[in-house]
Structures are given as structure tokens and as C-alpha cells.
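Chains, contacts and geometry: an overview
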Amino acid sequence: MAQFVNASNFERVLLVDDHEIVRFGVSQMLLQRWPLLMIRQAPSLYDAMQLLEEFPADIVISDLKFTGIPVADSVSRIWTIARSRPVVVFSMFPSEMASIHLQHPNILATICKAEGMEKLNNVLLDIYEGDWKRAETNNGGSKSGSLGKLSNRERDVALAIASGKSNNMICEEFGLKPSTVSTYKTRVFDKMGVNNEA
């Protein structure tokens with residue numbers, strides 16, 4: 001795993017989320033622990049890429065789902081950002097589901113917002129201290145986790161959901177009826193502990 005971040009240069013953070021309240025909350029949490037951090041915010045990955053040209057962030061904390069943007073486009077932009085700096089994804093998707101498409105050496109963690117700010121804080125502290133093993137453990141360790149509970153078809157549907165495909169697209173891709181897709185989605189969300197599709 002590439003290690004761009006260490007205790008001596010974790011000074012500039014870029015927060016990317018289309019919800020201002022989330023950016024505010026994460027900023028406040030970071031500043032409580034590291035009062036001298038320089039933090040910039042962007043409401044989209046497009047804005048983040050523009051901002052990174054003038055603000056050389058040491059680490060980017062980004063959502064995965066943005067209003068009106070397919071998840072596949074977000075994944076592509078996150079990969080582009082991760083080519084030059086570490087990224088932590090903080091999203092409504094379950095960590096294991098998000099990490100399927102985000103496997104890149106500079107994507108240090110995928111954290112579900114439902115796991116809370118404390119989880120994000122712990123992972124960032126581990127990264128800040130250069131303790132990569134502990135950060136991976138705090139992030140849930142293995143990227144397979146609850147995906148192992150899914151049948152092959154449920155896993156296919158989970159991957160389609162994670163890539164932003166609609167129910168109709170999933171129906172067409174796998175030759176399934178809409179009611180069958182709904183059943184699979186319900187099973188996936190139940191097995192992965194997801195309350196809704198947010």
C-alpha cells in the first residue's frame with residue numbers, strides 16, 4: 001500500500017460531500033483533534049478535482065453517492081483522485097459493498113456513515129499515526145466480510161447496485177423480473193445490515 005500520509009505531512013484535508021451538514025460535521029470533528037489542519041470543502045467530485053489543482057490536499061475524504069451522478073462516475077473520479085493522493089471514502093453504502101469497486105492502493109478505507117463519526121475519527125487517527133494495519137482493522141479488515149453471506153446471484157445484484165445500476169438495468173442484465181430484483185435487493189440489504197438504499 002502506498003503511504004503518502006504520515007504524521008509530518010497530514011496537514012491539508014479536502015472534504016467532498018454534497019451535503020453541507022456532513023462537510024461541517026466532519027470538519028468540526030477533525031479540527032477538535034487536529035486544530036491546525038487546513039481543511040477545504042467541495043460539494044462534488046468535479047469541484048474537488050478543480051480545487052486540488054490549487055489546494056494540494058494530503059488526504060481526501062469523499063462521499064461515494066452524489067445527487068444526480070451515477071455511482072460508476074463517482075468511482076471513476078475517486079480513482080483519478082487516488083492516483084496522486086490517499087482517499088478515505090465516507091458513504092452511506094456499507095463499507096464492504098463500497099470497497100468492491102474502490103480497490104486501489106491509495107483508497108485507504110471505506111467507511112459507512114451509519115458507523116458514525118467515531119469510526120471515521122479512529123481510522124483517520126490510525127492513518128495519521130502511520131499505523132496502516134490498525135487502520136485496516138478499524139475499517140473492518142477483510143474486504144469480503146458480509147459479502148460472503150450472499151448467494152452468487154445476490155452478490156451479482158449487490159455489485160450492480162454498488163455500481164449505480166437501476167432496477168430496470170439489473171432486470172435486463174440478468175434476465176430477471178422486477179419483483180425478483182426487489183426480492184434480491186431486500187435480501188442483500190438484510191444480510192449486509194443496510195436499512196435503506198441511501
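Refer to the structure above for everything that follows.
The structure reproduced in this document is the subject of the present report.

Observations regarding the pairing of strand E3 (residues 59-62)
The side-chain alternation of E3 yields two buried faces, one formed by Ile59 and Ile61 and the other by Val60 and Ser62. Examined bridge by bridge, strand E1 (residues 12-16) and E3 share 4 bridges and lie parallel to one another. Pairing of valine 13 across the sheet is with isoleucine 59, part of E3. By the bridge criterion, 3 bridges tie E3 to strand E4 (residues 87-91) in an arrangement that is parallel. If you follow serine 62 over to E4, its bridge partner there is valine 89. Since E3 and E4 lie parallel, the crossover through helix H3 (residues 71-82) that links them has a hand, and here it is right-handed.

Focus: helix H5 (residues 117-128)
Over its 12 residues, H5 runs 16 Å from end to end, which matches the ideal 16 Å to within 8%, given 1.5 Å per residue. One or two residues past the end of H5 sits glycine 130, with phi positive at roughly 75 degrees.

Structural notes on the packing of helix H8 (residues 167-174) against helix H9 (residues 178-192)
Closest axis-to-axis distance for the H8/H9 pair is 9 Å, and the angle between their directions is 105 degrees. Overall, the two elements H8 and H9 adopt an arrangement that is roughly perpendicular. Facing H8, whose interface residues are Asn167, Ile170 and Cys171, H9 presents Pro178, Val181, Ser182 and Lys185. Class assignment for the residues of the contact of H8 with H9 results in 4 nonpolar, 2 polar and 1 charged.

Section: the packing of aromatic side chains
This model, assessed by the stated rule, comprises 0 aromatic pairs. Sitting above the plane of the tryptophan 34 ring, arginine 33 keeps its charged end 5.9 Å from the centroid.

A word on the sheet that holds E4
Reading across the sheet, the 5 strands line up as E2-E1-E3-E4-E5 and stay open at both edges, with parallel pairing between neighbours. Because the sheet does not close on itself, it has two edges, and the strands there are strand E2 (38-42) and strand E5 (107-112). Neighbour-to-neighbour, the strand axes of the sheet open up by a mean angle of 15 degrees, direction not taken into account. Its contacts with the sheet place helix H1 (residues 20-33) against E1, E2, E3 and E4, and it is angled at close to 170 degrees to E2.

Examining the pattern of salt bridges
Considering all chains together, one arrives at 5 salt bridges under this definition. Across the pair arginine 12 and aspartate 58 runs a salt bridge, and its minimum N-O distance is 2.8 Å. Of the two residues, arginine 12 is situated in strand E1 and aspartate 58 in the loop between helix H2 (45-52) and E3; the sequence distance between them amounts to 46 residues. With relative accessibility at 10%, the residue aspartate 58 sits in the buried group. The closest approach of N and O atoms between lysine 113 and aspartate 63, which form a salt bridge, is 3.2 Å. One end of the pair, lysine 113, is in the loop between E5 and H5; the other, aspartate 63, is in the loop between E3 and H3, and 50 residues separate them in sequence. Relative accessible area serves as the criterion here: at 16%, lysine 113 is assigned to the buried category. Bridged by salt links that share partners, the residues Glu11, Arg12 and Asp58 form one connected network.

With respect to the pairing of E5
A large share of E5 lies buried, amounting to 6 of its 6 residues. One ladder, built from 5 bridges, connects E4 with E5; its direction is parallel. The residue of E5 that forms the bridge with serine 91 is cysteine 112.

So, the environment of valine 22
Position of valine 22 among the secondary structure elements: in helix H1. The spacing of valine 22 and phenylalanine 90 is 68 residues in sequence and 9.9 Å in space, taken between C-alpha atoms. Those residues in contact with valine 22, other than ones at most four positions away along the chain, are Asp17 and Lys113.

Parameters at a glance
Residues numbered from 1 in each chain as written. Predicted model: local features only at pLDDT ≥ 70, side-chain atom pairs only at ≥ 80, totals over all residues. Heavy atoms only, no water. Buried < 20%, exposed > 50% of the residue type's maximum accessible area, 1.4 Å probe, protein only. Helix = DSSP H or I, 4+ residues; strand = E, 2+ residues; numbered from the N terminus. Pairing = 2+ DSSP bridges. Right-handed = clockwise from strand over helix to strand, strands pointing away. Expected span 1.5 Å × (residues − 1). Axes fitted to C-alpha atoms, helices over the stretch in contact; angles between N-to-C directions. Parallel < 35°, antiparallel > 145°, perpendicular 65-115°, else oblique. Contact = heavy atoms within 4.5 Å. Nonpolar A, V, L, I, M, F, W, Y, C, P; charged D, E, K, R; others polar. Phe/Tyr/Trp six-rings, centres within 6.5 Å; stacked < 30°, edge-to-face > 60°. Lys NZ or Arg CZ within 6 Å of the ring centre and 35° of its normal. Salt bridge = Lys/Arg side-chain N within 4 Å of Asp/Glu carboxyl O.

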